[in-house]
Amino acid sequence: SSIVNYLNKGEYTYKKHSNNKLEYDMYNLMNKEKFSYIPKFISDEKNMDKFERIEGEIDKARFSQSSFKILELANFLKEFHCICKKNLNGKVYVHNYLNSHNLMYDDKGSLIYVIGWENCSVGEDYEDLVRLIWNGCNIENFHISDREFILSMIKNILKEYDASTEIRKNLSVYLEKIMKEDLNKLEKDSSNYEYNFVKIRNSMLFVELYADKLNSL
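Here is a short report on the structure shown in this document. (Residues numbered from 1 in each chain as written. Predicted model: local features only at pLDDT ≥ 70, side-chain atom pairs only at ≥ 80, totals over all residues. Heavy atoms only, no water.)

1. Concerning the sheet that holds strand β5 (residues 57-58)
So, point 1. Strand order across the open sheet formed by three strands is β5-β7-β8, with antiparallel pairing between neighbours. If you trace the sheet from one side to the other, it starts and ends with β5 and β8 (111-114), each paired once.
So, point 2. Sheet topology note: the strand β7 (residues 103-105)/β8 ladder contains three bridges and is antiparallel. Bridging from a neighbouring strand, L103 pairs with V114 of β8.
So, point 3. Across the face of the sheet, helix α2 (residues 67-87) comes into contact with β7 and β8 while running at roughly 55 degrees to β8. (Pairing = 2+ DSSP bridges. Helix = DSSP H or I, 4+ residues; strand = E, 2+ residues; numbered from the N terminus. Contact = heavy atoms within 4.5 Å. Axes fitted to C-alpha atoms, helices over the stretch in contact; angles between N-to-C directions.)

Here you go:
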């Protein structure tokens, strides 16, 4: 999902309606809680979703290039998950595609909206957090990057999110779980299969090599 699915018209922004009830449950909860990072959903009209106008720019560069943006997103997750857990018996809404295509920033570079919730689900707090760590810390290139810098960045994300002891002690397990899930979803006849396969396997190798360090950050 990305901003190309959204159309600004007058005071409102529109996008195609999804059949995912959880997406709208999430909008309603976050709008009720006045959580500003989530677009304000108004109604479903003729198979189109109507929101208060969404202004901002999609991050053109990969957000992993900015440690500030990664930590800002970790803080978003902390606040978002806090609201979710109070209303979902400890569970959270999981975005599943928390990447630069679904992040909108103002002209000063500050995060203003997280969009693209069409495939959201209800799950565990570690799921989107682990994806943020994976996508934001350039794990797949650890062999040519500074390993200690990657581990330091992960530590900062965990601190900003205020990660639980359970997440910290099992970080390598959760990372590997998400990576294996993505590996199993790859379609062998897709044009970018080889690129994604190598990315995931390199990432899994990092987790295997540094499991002990990851679980004690």
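2. Re the packing of helix α3 (residues 126-136) against helix α4 (residues 147-161)
So, point 1. Packing of α3 against α4 brings their axes to within 10 Å, and their N-to-C directions diverge by 150 degrees. When the axis of α3 is compared with that of α4, the two are roughly antiparallel. Crossing handedness for the pair α3 and α4: right-handed. Each of L129, L132 and I133 in α3 lies in contact with α4, whose residues at this interface are I154, I157, L158 and Y161. (Parallel < 35°, antiparallel > 145°, perpendicular 65-115°, else oblique. Left-handed = near helix turned anticlockwise from the far one by under 90°.)

3. Here's the deal with the packing of aromatic side chains
So, point 1. On inspection of all chains with the given rule, the structure shows 17 aromatic pairs.
So, point 2. Aromatic side chains Y27 and F51 sit 5.2 Å apart centroid to centroid with 85 degrees between the ring planes, which places their arrangement in the edge-to-face category. A residue pair is termed long-range when its members are at least 10 positions apart, and Y27 in helix α1 (residues 21-32) and F51 in strand β4 (residues 48-52) qualify at 24 residues.
So, point 3. Ring geometry for F41 and F51: centres 5.6 Å apart, planes at 70 degrees, overall edge-to-face. Of this pair, F41 sits in strand β3 (residues 41-45) while F51 sits in strand β4, and the two are ten residues apart along the sequence. This pair shows no difference in class: F41 is buried, exactly as F51 is. (Phe/Tyr/Trp six-rings, centres within 6.5 Å; stacked < 30°, edge-to-face > 60°. Buried < 20%, exposed > 50% of the residue type's maximum accessible area, 1.4 Å probe, protein only.)

4. Regarding the packing of α2 against α4
So, point 1. At a closest axis distance of 8 Å, the pairing of α2 and α4 adopts a crossing angle of 35 degrees. Here α2 and α4 pass one another in a crossing that is right-handed. In this structure, α2 uses S67, I70, L71, A74, N75, L77, K78, H81 and K85 to contact α4, whose residues at the interface are M153, N156, I157, E160 and Y161.
So, point 2. Partitioning the contact of α2 with α4 into residue classes produces seven nonpolar, four polar and three charged. (Nonpolar A, V, L, I, M, F, W, Y, C, P; charged D, E, K, R; others polar.)

5. What about the sheet that holds strand β1 (residues 6-9)?
So, point 1. What the four strands build is an open sheet, ordered β1-β2-β4-β3; its pairing is antiparallel. Only two strands of the sheet have a single partner each, and these edge strands are β1 and β3. Put simply, the sheet's adjacent strands are angled 25 degrees from each other on average, direction ignored.
So, point 2. Strand direction decides the pairing type here: β3 and β4, joined by four bridges, are antiparallel. What sits directly across from S43, in β4, is K50.
So, point 3. Seen against the sheet, α1 touches β1, β2 (12-16), β3 and β4 and runs at an angle of roughly 150 degrees to β3.

6. Quick notes on the nonpolar core
So, point 1. Ranked by internal contacts, the top residues of the largest apolar core, which has 64 residues, are F76, F80, I154 and F206.
So, point 2. Here this core takes eight residues from α2, the largest share from any one element.
So, point 3. Those residues in contact with F76, other than ones at most four positions away along the chain, are F35, Y37, I38, L111, V114 and W117. (Core = buried A, V, L, I, M, F, W, Y, C linked by side-chain atoms within 4.5 Å.)

7. A closer look at the side chain of E127
So, point 1. You can see E127 is positioned in helix α3.
So, point 2. Here E127 sits buried without a salt bridge, and the closest side chain of opposite charge, K177, lies 5.9 Å off (N-O distance).
So, point 3. A distance of 2.7 Å separates a polar atom in the side chain of E127 from the backbone nitrogen of E124.
So, point 4. Non-local contacts of E127, meaning those with residues more than four positions away in its chain, are made with V94 and I178. (Lys, Arg positive; Asp, Glu negative; His and termini not counted. Salt bridge = Lys/Arg side-chain N within 4 Å of Asp/Glu carboxyl O. Polar contact = N/O pair within 3.5 Å; in protein donor to acceptor, adjacent residues only side chain to side chain.)

That is the geometry; function is a separate question.
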